[in-house]
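Topology and contacts: notes
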Amino acid sequence: MRSRQLWIAALAMHLLLVLAVSCWDIVDLAARGRTLVPAPIASGARDFAHIMESMSPRQLHRSNLVRQTVIGYVHAAGIESPYSYFAPNVPPTLQVVFEIQHRDHHVSHKVPSARSATDQLRLSALIDRSVGEQGLWREVVLQMLGSSIWEDNPDAVEIRAIVASRTFPGPSEFLQGAQESYDFVCSYNFKFDTAQFENGHP
Amino acid sequence: MTTCGKRAAFFLFPKKSDGWLALLRVGLGVEVVLYCLSERSGWIDTFSSNSSALSARRVSEALLSLESALIPRVCWLLKPAAHLGLRESTLLWMLWSVLLLSGLLLTLGLFCRPAAVTAWLLHLACVKSTDVFAYGMDNFVSIGLFYLMLSPLPDSYSVESRIWKIRFRDVRMVGFFQRALQLHLCIIYFFSGLAKCLGTDWWNGLNIWAAVTRPPFNVFDPMLIAKWRFLLPAVGITICLIEIGYPIFIWPRRTRSIWLTSVLAMHSAIGIAMGMYLFGLIMIILNLAAFGSTNPSVFYQNGHVKR
């Protein structure tokens, strides 16, 4: 009987963590005004998000054993991510193009390529997750993608990463002949020998 | 023990056959094998530390170190093995081969427990070491392998049980792990449905259009989908209802088959229409294992506990 009680306690803790990750995601979406919820509720969600954030083990020091154990456990159990795929709305499609300036002054363009359909899904997920918002993470991801382009083009002197947002027409407009359009999001110039970054924004 | 405690214990430890566990084992074995085969062409490039300074593995493992030192990663496996003087590429192929072998053993039902633990550890290490490239499918495989590894193995359908005549013992623990998976799936679908219901474009079908016309999910010709555009709002609303209603309607006997069929149809459609075959497959496996093989509604029958 005692072992059953231990199993029940373990399951309760496990599901509590699943619920915490899922609730945090919903509250965060509402707090950032990305949902249908009215402004007063979104404002309340912001307060609640602050409370939840303060209770997160990530607030503890990196060396703290509780933090290490809880975060290690959620990753080991596969429960660290929320389940709001394509929600509340499908995010805009981002596309990355690399403009390569070669030593002989000619310029070519390449898009990050994948070896297989599964790799293409992974690449798309990475770009959607990381390139949409300004910050260090976007720079790291673009440099990571750019470094593989540079490996394929050892004569490149400079590579420029251009990020654009793709807008596809609605079904009715598409039937009337409307085409997809692209809006400039940002660009980064980098040289691998000096690891130098210059970024440009619209 | 209080009545409430007894009801909870009865609900969480039902007597169950291990048919669902056999289904989960075979399904996850196939999924692990397909994962290995789909990653084979880029395996060395993905995990090699000799590639560019900012390789996916280096970035992912650096980020993991910031999260927790306890998260399994490929370098844990490579570093001790490197002392044997083997080349990194050889070690990486050994890692791939052992993961593939564990998937095959799970599918066949041989050495189930060691194969389940190995598959969980190696798959997790590989996924975490390329976490920047992870997507939903990886998480669900990790979830499935985590439950499988802890469940009472080997199941009575495995080759191992047949050869060595291993008697199937703890039926209540088998039921407990199926309950855990069932409850987990209910949380997953409820929050997934709730998040969709809070978005404007699931109600008018525009999110369905956006999902199936964006690369790399644009498997079908948009013209074909646009001609059937009048169906898009109904499809969007149906998905929201299936997901948010899952924790309610999957339990009663009367609605279970309808909901399970709807969810399986939804994941099959996602797999085919969006090219997410492995994602569709893992969701079908988890749903069939949780609610497809046995009667889960004992607790709720006629509103009373059935004893």
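Observations regarding the domain arrangement of chain A
Taken as a whole, chain A is organised into domain 1 (2-76) and domain 2 (93-200). Using only C-alpha atoms to locate each centre, domain 1 of chain A and domain 2 of chain A end up separated by 33 Å.

Quick look at the interface of chain B and chain A
At the interface, 60 residues of chain B touch 56 residues of chain A. Elements supplying a minimum of two residues to the side of chain B that touches chain A: α1 (3-12), α4 (56-67), α7 (112-129), α8 (136-150), α10 (171-197), α11 (206-213) and α12 (222-227) of chain B. The leading source of residues in the side of chain B that touches chain A is α10 of chain B, at eleven residues. Residue composition of the side of chain B that touches chain A, by class: 39 nonpolar, 15 polar and six charged.

Considering the confidence of the model for chain A
Residues and elements named next belong to chain A. Scored by pLDDT, chain A comes out at a mean of 88, with 94% of its residues at no less than 70. The secondary-structure element of chain A with the lowest mean pLDDT is strand β5 (residues 196-200), recorded at 48, while helix α3 (residues 65-76) shows the highest, at 95. Residue range residues 194-198 is modelled with pLDDT below 50. Its contacts to residues more than four positions away, or to other chains, number six contacts.

Observations regarding the environment of serine 165 of chain A
Residues and elements named next belong to chain A. Positionally, serine 165 belongs in strand β3 (residues 156-167). Taking the C-beta count within 10 Å as the criterion, serine 165 has 16 such neighbours and is therefore assigned partly exposed. Considering only alpha carbons, one finds serine 165 and glutamine 68, 97 residues apart in sequence, at a separation of 38 Å. Serine 165 has contacts with Pro92, Leu94, Tyr182, Asp183 and Val185, leaving out every residue within four places of it along the chain.

Here we look at unusual backbone geometry
Leucine 153 of chain B connects to proline 154 of chain B through a cis peptide bond whose omega is 0°. Cis geometry marks the peptide bond from proline 215 of chain B to proline 216 of chain B, where omega comes out at 5°. Secondary-structure assignment places proline 216 of chain B in the loop between α11 and α12. In this structure, histidine 105 of chain A takes a positive phi of about 75° despite not being glycine. Inspection of the secondary structure assignment puts histidine 105 of chain A in the loop between β1 (93-102) and β2 (107-110). A positive phi angle, close to 50°, is found at lysine 165 of chain B, a residue other than glycine. The residue lysine 165 of chain B is located in the loop between α9 (159-164) and α10 in this model.

As for the domain arrangement of chain B
All names here are of chain B. For chain B, the assigned domains read domain 1 (13-169) and domain 2 (185-307). Each of domain 1 and domain 2 was reduced to a C-alpha centroid, and the two centroids are 27 Å apart. Facing the 18 residues of domain 1 at the interface are twelve residues of domain 2. Among the secondary structure elements, those contributing two or more residues to the side of domain 1 that touches domain 2 are α2 (19-39) and α8. Considering each element in turn, the side of domain 1 that touches domain 2 owes the most residues, ten residues, to α2. Broken down by class, the residue content of the side of domain 1 that touches domain 2 amounts to ten nonpolar, six polar and two charged.

Observations concerning the packing of helix α6 (residues 88-108) of chain B against α7 of chain B
All names here are of chain B. Across the interface, α6 lies against α7 with an axial gap of 9 Å and an inter-helix angle of 135°. Between α6 and α7, the interaxial angle falls into the category oblique. Of the two elements, α6 crosses α7, and the hand of that crossing is left-handed. Across the interface between the two elements, Leu95, Val98, Leu99, Ser102, Gly103, Leu105 and Leu106 of α6 pack against Cys112, Ala115, Ala116, Thr118, Ala119, Leu122 and His123 of α7.

Describing the environment of glutamine 68 of chain A
Its place among the elements puts glutamine 68 of chain A in helix α3. Judged by the 19 C-beta atoms lying within 10 Å of it, glutamine 68 of chain A falls in the partly exposed class. Expressed as a C-alpha distance, the spacing of glutamine 68 of chain A and arginine 32 of chain A, which sit 36 residues apart in the sequence, is 28 Å. Among residues more than four places away in sequence, those in contact with glutamine 68 of chain A are Ser68, Ala69 and Leu70 of chain B.

Cut-off values and rules
- Residues numbered from 1 in each chain as written.
- Chains lettered and ligands numbered in written order.
- Predicted model: local features only at pLDDT ≥ 70, side-chain atom pairs only at ≥ 80, totals over all residues.
- Domains from an automatic or database assignment.
- Contact = placed C-beta atoms within 7 Å.
- Helix = DSSP H or I, 4+ residues; strand = E, 2+ residues; numbered from the N terminus.
- Nonpolar A, V, L, I, M, F, W, Y, C, P; charged D, E, K, R; others polar.
- pLDDT = per-residue confidence, 0-100.
- Buried ≥ 20, exposed ≤ 12 C-beta atoms within 10 Å, placed from the backbone.
- Axes fitted to C-alpha atoms, helices over the stretch in contact; angles between N-to-C directions.
- Parallel < 35°, antiparallel > 145°, perpendicular 65-115°, else oblique.
- Left-handed = near helix turned anticlockwise from the far one by under 90°.

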